[in-house]
Structures are given as structure tokens and as C-alpha cells.
Amino acid sequence: MRNSEISLALSGGPQTIEEEDIELFRWPIITEEDEKAVLEVLRDRSRMSKIDITQKFEREYADWVGVGFGLGYCNGTAALLGAFWACGVGAGDEIICPSMTYWASAAPALTLGATVNFADINPDTLCIDPEDIEHRIGPKTKAVVVVHYSGYPCDMDRIQSIAQKHRLKIIEDVSHAHGSLYKGRPCGSLGDIAAMSMMSGKSFAIGEAGMLLTDNETLYERAIAFSHYERTGGPSRNTNSEKSARGELARFAGIPIGAHKHRMNQLCSALGRVQLRYYPERIAEIQRAMNRFWNLLEDVPGIKAHRPPAGSESTMGGCYNPLGLYRSEELGGLPCAKFCEAVRAEGFKSCFPGANRPLHVHPVFHEADIFRQGKPTALAFGQRDVRQGEGALENSENIEEIAFRIPWFKHDRPAEIERYAAAFRKVAENAHKLI
Ligand SMILES: *Cc1c(COP(=O)(O)O)cnc(C)c1O
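What counts, and where the lines are drawn
Residues numbered from 1 in each chain as written. Predicted model: local features only at pLDDT ≥ 70, side-chain atom pairs only at ≥ 80, totals over all residues. Heavy atoms only, no water. Helix = DSSP H or I, 4+ residues; strand = E, 2+ residues; numbered from the N terminus. Rg over C-alpha atoms; globule rule 2.2 N^0.38 Å. Buried < 20%, exposed > 50% of the residue type's maximum accessible area, 1.4 Å probe, protein only. Contact = heavy atoms within 4.5 Å. Areas by Shrake-Rupley, 256 points an atom, 1.4 Å probe, with all protein chains shown as cover. Lys, Arg positive; Asp, Glu negative; His and termini not counted. Charge placed at Lys NZ, Arg CZ, Asp CG, Glu CD. Domains from an automatic or database assignment. Buried area = accessible area lost by both parts, 1.4 Å probe. Salt bridge = Lys/Arg side-chain N within 4 Å of Asp/Glu carboxyl O. Near = heavy atom within 4 Å. Polar contact = N/O pair within 3.5 Å; in protein donor to acceptor, adjacent residues only side chain to side chain. Pairing = 2+ DSSP bridges. Axes fitted to C-alpha atoms, helices over the stretch in contact; angles between N-to-C directions. Phe/Tyr/Trp six-rings, centres within 6.5 Å; stacked < 30°, edge-to-face > 60°. Core = buried A, V, L, I, M, F, W, Y, C linked by side-chain atoms within 4.5 Å.

(A) Here's a closer look at the overall build of the protein. Counting its secondary structure elements, the protein contains 13 helices and 12 strands. Here the protein has a C-alpha radius of gyration of 23 Å; the compact-globule value for 435 residues is 22 Å, and the two agree. Considering only C-alpha atoms, the protein reaches an extent of 75 × 55 × 40 Å along its principal axes. For the protein, with 435 residues in total, the buried portion stands at 55%. Taking as baseline every contact in the protein between residues at least 6 positions apart, the subset at least 24 positions apart corresponds to 73%. Summing over all exposed atoms, the protein offers an accessible surface of approximately 18,300 Å²; the carbon and sulfur share of this is 49%. The protein carries 50 positive and 57 negative side-chain charges, and their two centres are separated by 5 Å.

Structural data, given as C-alpha cells:
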């Protein structure tokens with residue numbers, strides 16, 4: 001039977017996917033080896049709060065990414081705050097950050113008395129639009145935050161040349177992109193400093209944890225002094241480096257400059273060491289599965305893969321929370337929400353439009369008075385007013401029309417993946433019946 005003669009499940013036709021197999025999606029993969037590593041720390045009791053295992057994990061993770069230093073955190077938000085402070089973001093400063101991301105990519109700026117100038121995303125990459133950065137730079141702009149959205153590496157060549165020209169730091173938020181490559185080089189090694197979440201929902205998932213990475217010893221030492229007080233002034237890897245901030249900061253040993261305590265708990269770092277050993281092969285399988293899915297849909301109107309062009313040597317890492325790109329004009333104007341409803345009826349129950357909510361319209365960045373100065377923190381330290389309302393960032397605000405959730409396959413099982421692809425194809429090819 002041709003697809004056009006089949007009726008959609010939404011109109012009472014047969015479902016394409018009768019039952020979803022949760023094994024296809026369950027994550028992270030936990031084996032006896034993970035359990036043993038965690039139990040060992042648990043049974044030891046006091047080691048849960050020490051740093052010996054975390055330091056091994058930091059070294060292994062930094063080596064995997066190919067950078068000089070790794071620093072473990074209690075979560076990704078803390079790692080981002082540490083990275084901001086290390087880069088010199090302070091009261092009265094500005095950072096540039098895409099509006100389409102999780103709040104923790106931007107909100108630490110407010111904690112430090114700075115403000116956020118939000119940039120729009122490119123509608124094909126869903127990452128910060130390099131065209132929307134330069135005009136936002138002012139005398140107080142310190143850094144640009146890049147988020148490799150859903151694992152898609154940002155256009156780093158162009159961002160690097162802008163940052164170099166204006167002497168801005170690049171802070172990579174790698175929370176979606178553990179293992180992603182940009183033109184063959186690992187995300188997390190492409191800016192001045194990188195920070196990432198490793199909480200349970202992420203692609204590299206070890207509970208509640210975060211990691212900071214950098215090749216810059218001064219930034220590393222500053223991050224330590226901010227919130228890893230017991231390590232301030234301690235030996236770092238390049239003990240001979242003359243540029244070390246250690247000397248300057250050593251006198252603060254014992255009390256964190258930031259008054260934060262950001263240490264990773266070792267139940268997580270022990271789990272992280274085991275997860276890292278298997279992560280490359282596991283994400284290789286995820287990438288095979290996701291590419292299989294999209295290859296089956298290449299000729300379908302209205303939906304497009306969110307993945308780097310073939311032959312670019314860029315990859316999507318663990319394909320965190322993957323999205324498809326929706327182009328309603330190819331489907332007679334069918335709204336994305338209706339398309340998703342029809343796919344859910346076909347049996348893929350997690351098909352919803354959109355992704356994160358755009359941040360630039362959120363009241364926290366407009367009104368919140370964190371320091372109780374009688375004015376919004378976004379303005380309280382002499383910052384320019386760079387707040388933007390509804391209508392300012394078209395693609396970010398339009399996310400529910402241009403992107404939708406697709407299955408995040410953890411295993412490359414052709415027969416099952418083919419059924420999911422068939423569900424999307426069926427809805428797209430019958431879209432006219434829904435208008
Ligand atoms: C999850 C996430 C974070 C925050 O990490 P936590 O570990 O939850 O604190 C930061 N940035 C992005 C892009 C994220 O997705």
C-alpha cells in the first residue's frame with residue numbers, strides 16, 4: 001500500500017509503533033563494574049567526601065578531551081560559575097550568550113553582578129548565530145558563552161576570530177556535547193575554558209556532577225581558589241610554569257574566594273571513571289543509530305536532520321536530547337504542534353515541539369534584584385541596559401515552530417529504528433490531511 005492511501009493513527013488508522021521498548025532509550029548503561037566502583041566508595045564511608053578519586057577522574061577526562069587541566073564540580077551550574085569568575089567576569093561586566101539554552105549557561109553572570117546580552121541562534125544549527133555576536137560587544141564585554149546545542153558543535157572558526165579581535169574569552173558550555181567533535185577536534189578544547197554538567201539526564205551521566213576544563217593554568221588556578229579552597233596553592237600539573245596564578249592566590253588557601261564549596265562527591269567521580277572507559281564506544285553506537293534514523297528520512301518534506309554536514313569531521317557526541325528541524329512551509333503550513341500530535345498518535349509518545357524556553361524574555365534577567373539594591377541586578381552595577389523583550393530574537397522565540405523531539409536511540413537496532421522513521425515519514429507524507 002502507498003503511504004498516501006494509509007490513514008493516520010490520529011484519524012483512526014493503524015499505529016506505526018504499537019509498543020515502545022524502553023530498553024532502546026534507557027540511559028546511562030549501568031553494569032556491575034559501575035556498581036562495584038560506587039559500592040567501594042560507599043563502604044569506605046569517609047572517602048565519599050575526599051578528592052583522590054575525583055583527581056584521577058579529572059586527569060582521565062582532561063586527557064580524553066586533550067586539555068591540560070580538569071576540575072570536578074558538584075554540578076554543571078557550579079562549574080559554569082567557576083569558569084565565569086576565572087575569566088574575570090565581575091560586577092558591571094557583560095557576557096554574550098545564546099538565548100536558546102538552559103538557564104545555567106547565563107545566570108551565573110547575575111550572581112557575579114554582570115549582565116547578559118542574549119544572542120539569537122541559527123535556525124539550522126540551533127547554536128549561537130555568529131552573525132549576531134559582534135554588534136553586541138561593548139567596552140565591558142568579557143566573554144562569549146557558546147553552547148553546542150544538542151551536541152551540535154558551534155561555528156567555532158568564526159566565533160574564535162570575533163573573540164580574538166575583541167579580546168573576549170570563549171566559555172564553552174559542553175553540557176550537551178560530551179564527545180562531540182568540531183572539524184575533528186573535541187568540544188571542550190576549543191575555547192579558553194569549558195564547563196559542563198554530568199547530571200543523570202545528560203549524555204555523560206554520573207548523578208549530580210560537573211567538570212571544568214582548560215589549557216590555561218591561570219584560569220585553572222583561579223577556578224580552584226574560587227571554590228576548591230583546600231586545593232588553593234596546591235601543586236598543579238605544570239609545576240614549573242612561571243605564569244602560574246598559584247603564587248598570587250596561595251595566600252587565600254583554606255578559604256574559597258567565592259565562598260562556594262564546589263567539590264564533586266566521590267560516589268559520582270568513581271562512577272565517572274568507569275563510565276568514561278565505555279563512553280566512546282557507547283556514543284559511537286548512538287551516532288550510528290541516529291544517523292540510520294535520519295538517513296531513512298532524507299527525502300521526506302518538512303523535516304530535516306539537525307546534524308553537521310557529511311564530511312565535515314564534526315559529530316554530535318552522545319546526541320543529547322536530539323531534535324529534528326521542522327519547516328512547515330514544505331507541509332502546507334501545518335503547525336509543528338499538530339505534526340507532533342500526529343507522530344505521538346503513531347506511537348512515539350515523546351514527540352513534542354520546541355526545546356528550551358528562550359531566556360532573554362525571562363523576568364530573572366529583567367527584574368530580579370539579587371543584591372537588594374532597589375534595582376534589577378542586570379543594571380545594578382552600572383551595566384548598559386541590554387535587556388530585550390518579546391520579538392527581539394526571532395529564531396529563539398520561534399523554537400516551537402522550527403524544532404521537535406525525535407527518539408534518542410541508545411542502541412543501533414535497525415528494525416526498531418525503521419519503525420520510528422516510518423512513523424515520521426507517514427505523518428509528513430500525509431500532512432495535507434491534517435490541514
Ligand atoms: C544541564 C545543563 C547545565 C547545568 O548543569 P547542572 O549539572 O544541572 O547544574 C548547564 N548548561 C546546559 C546547556 C545544560 O543543559
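(B) Looking closely at the domain arrangement of the protein. Per the domain assignment, the segments of the protein are domain 1 (3–25 + 279–355 + 398–434) and domain 2 (32–274 + 360–378). In this structure, domain 1 and domain 2 have C-alpha centres spaced 32 Å apart. Across the contact, 27 residues belong to domain 1 and 24 residues belong to domain 2. Of the roughly 1,900 Å² buried at the junction of domain 1 and domain 2 (both faces included), carbon and sulfur atoms supply 60%. The three residues of domain 1 that bury the most area against domain 2 are Tyr279, His306 and Tyr320, which together make up 35% of that side's buried surface. Linking domain 1 with domain 2 are two salt bridges, by the criterion used here. Note that Lys304 and Asp124 form a salt bridge whose closest N and O atoms lie 3.2 Å from each other.

(C) Looking closely at the site of the ligand. Within the structure, the ligand sits among 15 residues, and Gly76, Thr77, Asp173, Ser197 and Lys202 are positioned closest to it. Residue Gly76 places a main-chain N or O atom 2.8 Å away from an oxygen atom belonging to the ligand. Contact distances for the ligand include 2.7 Å between a nitrogen atom and a side-chain N or O atom of Asp173. No other element matches the three residues that helix α3 (residues 76–86) contributes to the shell around the ligand.

(D) Representation of the sheet that holds strand β1 (residues 69–73) in the model. The strand order across the open sheet built from seven strands is β1-β9-β8-β5-β4-β2-β3, with neighbouring strands paired in mixed fashion. Two strands lie at the open edges of the sheet, namely β1 and β3 (115–119), each paired on one side alone. For this sheet, the mean inter-axis angle between neighbouring strands, taken without regard to orientation, is 20°. As defined by bridge partners, strand β2 (residues 94–98) adjoins β3 across five bridges and the pair is classed as parallel. From the neighbouring strand, Ile96 faces β3, where its bridge partner is Asn117. α3 rests against β1, β2, β4 (141–147), β5 (169–173), β8 (193–197) and β9 (210–214) of the sheet, and its axis sits at about 165° to β8. Relative to β5, helix α5 (residues 156–165) is tilted by about 145°, and along the sheet it contacts β4 and β5.

(E) Representation of the packing of aromatic side chains within the structure. Inspection of the entire model under this criterion finds 25 aromatic pairs. A centroid spacing of 5.6 Å and a plane angle of 90° characterise the contact between Trp64 and Tyr279, whose relative ring orientation is edge-to-face. One end of the pair, Trp64, is in helix α2 (residues 52–65); the other, Tyr279, is in helix α8 (residues 266–295), and 215 residues separate them in sequence. The interplanar angle of 35° and the centroid separation of 5.8 Å between the aromatic rings of Phe404 and Phe424 together place this pair among those described as tilted.

(F) View of the nonpolar core. Membership of the largest hydrophobic core comes to 127 residues, with the highest contact counts inside it found for Tyr61, Phe293, Phe339, Phe404 and Phe424. The dominant element in this core, judged by the number of residues it contributes, is α8, at 10 residues. Discounting residues that sit within four places of it in the chain, Phe424 has contacts with Phe293, Leu297, Ile303, Phe339, Val343, Phe348, Cys351, Phe404, Arg405, Ile406 and Pro407.

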